[in-house]
Amino acid sequence: MKKIFIILPLFLSGFLFSQKKPIKKPAKKVTTAKFNYQDEFKKISDEIMTNGTAYDNLGELTKGVGPRFSATPGYAKATEWAEKKLKEAGAENIWKQDVRVPIWIRGKESLQIKSGSSDWKNIRMLSFGNSEGTGGKDLTAEIILINDITELNALTSLQLKDKIVFVNTPLDPKVINTVDSYLVTAKSRLLSASVIGKRGAKGLIIRSLTTASDDTPHAKMIYYEPDDKARIPAVTIGVRSADELEKLLKKQKVTAKLNMSAESKGETINQNIIGEIPGNKDAKVIVLGAQLDSWDFAEGAHDDGSGVVQCIEVLRAFKALGLANNHTIRVVLYANSENGGQGREMYASYVKRKMKNIFLL
């Protein structure tokens, strides 16, 4: 199987290499050998395609370590793995950076719906990260469908009181960059548990933020406003279930029964893992970063295991080829990207306090 090929954005403006030394002429005239970028890129490409370890490392991370949610034994195992791999890649300086992260436990969860005299039907679902639970008790309420903010504003608090709000807003398929469509939808006030809760609702069901056509729920983190006194539970369901539920709601009244034992239990310490190859010319730093954590139910191969192993592969390729980098090349593997972002915030704070020589991110 082909190895993962990494395109390195590290050669901008000829800053990186220092292995080409001035050639002294007998007539005491000094000239500098012309640096051939095409040849150097080819060397790196050949090295990665022939001897690259990224694909094997990704297998170790996803299948060996597995899910690595913050504040779990899985994440602790991931930090040990990452430190080992950075050493193998040739990182000369490796250190850990303590990060305070939330302890959130998903626990048991279920969602059932019922219409008319029919039996309860199980719907595949996932709690949003950091969501409040139902205390392990059934929360039974009528579902009300809202597809845009205008519909929400048109409803009175009495109409929303004690209801479970269902938001079936798909990502815009016309947006070429899926991330852009995701961010626009994710920022909608319709997806705010605090906004819905303050209007009197008791729960929130959201269509998964994905363009996939399967019925796999995709979770993200839910945010509550600091002054939110009634933090309602929030869950996500797959796109097929979401579309079927909307069709059903347009015909008749539908009741949901939600049961979640999710809970928060304070904070603990996780670590960012940082490794680097020191520069040979100055103290400027080129930073490559990726999140080390994944959701508790997922191996996180794409989000962001592939980024982790690619960052490590950059260091390995430089060492294997004996490239003498002008600037320090640093890899930062962040803790807790999925349910808070404290890892990247901690590193940014460190840079702001200690360093003013970040050359390229």
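Each remark here, short or long, concerns the structure printed above.
This report concerns the structure included in the present document. (Residues numbered from 1 in each chain as written. Predicted model: local features only at pLDDT ≥ 70, side-chain atom pairs only at ≥ 80, totals over all residues. Heavy atoms only, no water.)

## Points about the packing of aromatic side chains
Quick note on the threshold: Ring geometry is summarised as follows: Phe, Tyr and Trp rings, the Trp one being its six-membered ring, pair when their centres sit within 6.5 Å, and such pairs are stacked at plane angles under 30 degrees, edge-to-face over 60 and tilted between the two. Runs of E in the DSSP output that reach at least two residues are strands. Runs of H or I that reach at least four are helices, and both are numbered from the N terminus. For the exposure calls, accessible area comes from a 1.4 Å probe over protein chains only, and a residue counts as buried if that area is under 20% of its type's maximum, exposed if over 50%, partly exposed in between.
Taken as a whole and assessed by the stated rule, the structure comprises five aromatic pairs. Centroid distance Phe69 to Trp104: 6.2 Å. Interplanar angle 75°. Geometry classified as edge-to-face. Linking Phe69 in the loop between helix H2 (54-65) and helix H3 (73-89) with Trp104 in strand E3 (residues 93-105), this pair joins segments that are 35 residues apart in sequence. Like Phe69, the residue Trp104 is buried in the burial classification.

## Structural notes on the layout of surface pockets
Basically, it comes down to this: Space inside and on the surface of the protein is sampled on a 1 Å grid over the protein atoms alone, with a cavity defined as a set of points where a 1.4 Å probe fits but cannot get out and a pocket as an open set with protein on both sides within 12 Å along at least 5 of 7 lines; lining residues have an atom within 4 Å of a point. Grid points are joined across faces, edges and corners, and a volume is the space filled by probe spheres set on the points.
Counted as a void, the largest pocket has a volume near 1100 Å³. Elements represented by at least two residues in the lining of the largest pocket include exactly helix H6 (178-186), strand E9 (203-207) and helix H9 (301-321). Reported here for the second largest pocket is a volume of approximately 190 Å³. Residue lining of the second largest pocket: 14 residues in total, with Asn130, Met221, Tyr224, Arg231 and Ser264 positioned closest to the centre. Looking at the lining of the second largest pocket, the elements with two or more residues in it are E3 and strand E12 (263-277). Sort the elements by how many residues they give to the lining of the second largest pocket and E12 lands first, with four residues.

Interpretation note: all reported values are geometric properties and have no functional meaning in isolation.
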